[in-house]
Amino acid sequence: MSVRTSRVVNVAADDKTPSYEQAREELTEVVRRLETGGLTLEQSIELWERGEKLAAVCEEWLQGARVKLAAAMARRSEPGAGHGDDAPF
């Protein structure tokens, strides 16, 4: 799955986009339903497509977190950066 960088920035701003935890929980339920079986082919395909979308949302949230962490680590390692008691790490 590809993740567009511009979407990473906007994922939290979109009111329709679920939180990481909501997407992960729903994805878990989709996987459980698919593994249980007993669905028609059409139902299985619809669930699979929903699962793909949810997986992409989770990946976007995780990529956004990676970007924020990398930026925080870069600021921390800059020469002359304050490393006082109020530093987050």
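As a reminder, the structure under discussion sits directly above these lines.
Residues numbered from 1 in each chain as written. Predicted model: local features only at pLDDT ≥ 70, side-chain atom pairs only at ≥ 80, totals over all residues. Heavy atoms only, no water.

S.K.: Explain the overall build of the protein chain to me, using residue names and the numbers behind them.
M.R.: A tally of regular secondary structure across the protein chain gives 3 helices and 0 strands. When the helices and strands of the protein chain are placed in sequence order, the string is α-α-α. Buried positions account for 16% of the 89 residues belonging to the protein chain. Taking contacts inside the protein chain between residues at least 6 apart in sequence as the whole, the part at least 24 apart equals 61%. Surface summary for the protein chain: the accessible area is close to 7,000 Å², and the carbon and sulfur share equals 54%. (Helix = DSSP H or I, 4+ residues; strand = E, 2+ residues; numbered from the N terminus. Buried < 20%, exposed > 50% of the residue type's maximum accessible area, 1.4 Å probe, protein only. Contact = heavy atoms within 4.5 Å. Areas by Shrake-Rupley, 256 points an atom, 1.4 Å probe, with all protein chains shown as cover.)

S.K.: Would you mind going over the packing of helix α2 (residues 20-36) against helix α3 (residues 41-77) in detail, with residue names and values included?
M.R.: Helix-helix packing is described using two parameters, namely the angle between the two axes and the distance between the axes. It is the contact of α2 with α3, at a shortest axis distance of 9 Å, that shows an interaxial angle of 150°. Between α2 and α3, the angle is such that the two are roughly antiparallel. Crossing of α2 against α3: the hand is left-handed. Only Ser44, Leu47, Trp48, Arg50, Gly51, Leu54, Ala55, Val57, Cys58, Trp61 and Leu62 of α3 make contact with α2, whose side of the interface consists of Tyr20, Ala23, Arg24, Glu26, Leu27, Val30, Arg33 and Leu34. Considered class by class, the residues forming the contact of α2 with α3 number 13 nonpolar, 2 polar and 4 charged. (Axes fitted to C-alpha atoms, helices over the stretch in contact; angles between N-to-C directions. Parallel < 35°, antiparallel > 145°, perpendicular 65-115°, else oblique. Left-handed = near helix turned anticlockwise from the far one by under 90°. Nonpolar A, V, L, I, M, F, W, Y, C, P; charged D, E, K, R; others polar.)

S.K.: Before we move on, could you go through the pattern of salt bridges and cite the residues and values that matter?
M.R.: Per the counting criterion, the structure on display carries 3 salt bridges. Where Glu29 meets Arg32, a salt bridge forms, and the shortest distance between an N and an O atom there is 2.5 Å. One end of the pair is Glu29 and the other is Arg32, both in helix α2 and 3 residues apart, which spans about a single turn. The class for Glu29 is partly exposed, based on a relative accessible area of 35%. (Salt bridge = Lys/Arg side-chain N within 4 Å of Asp/Glu carboxyl O.)

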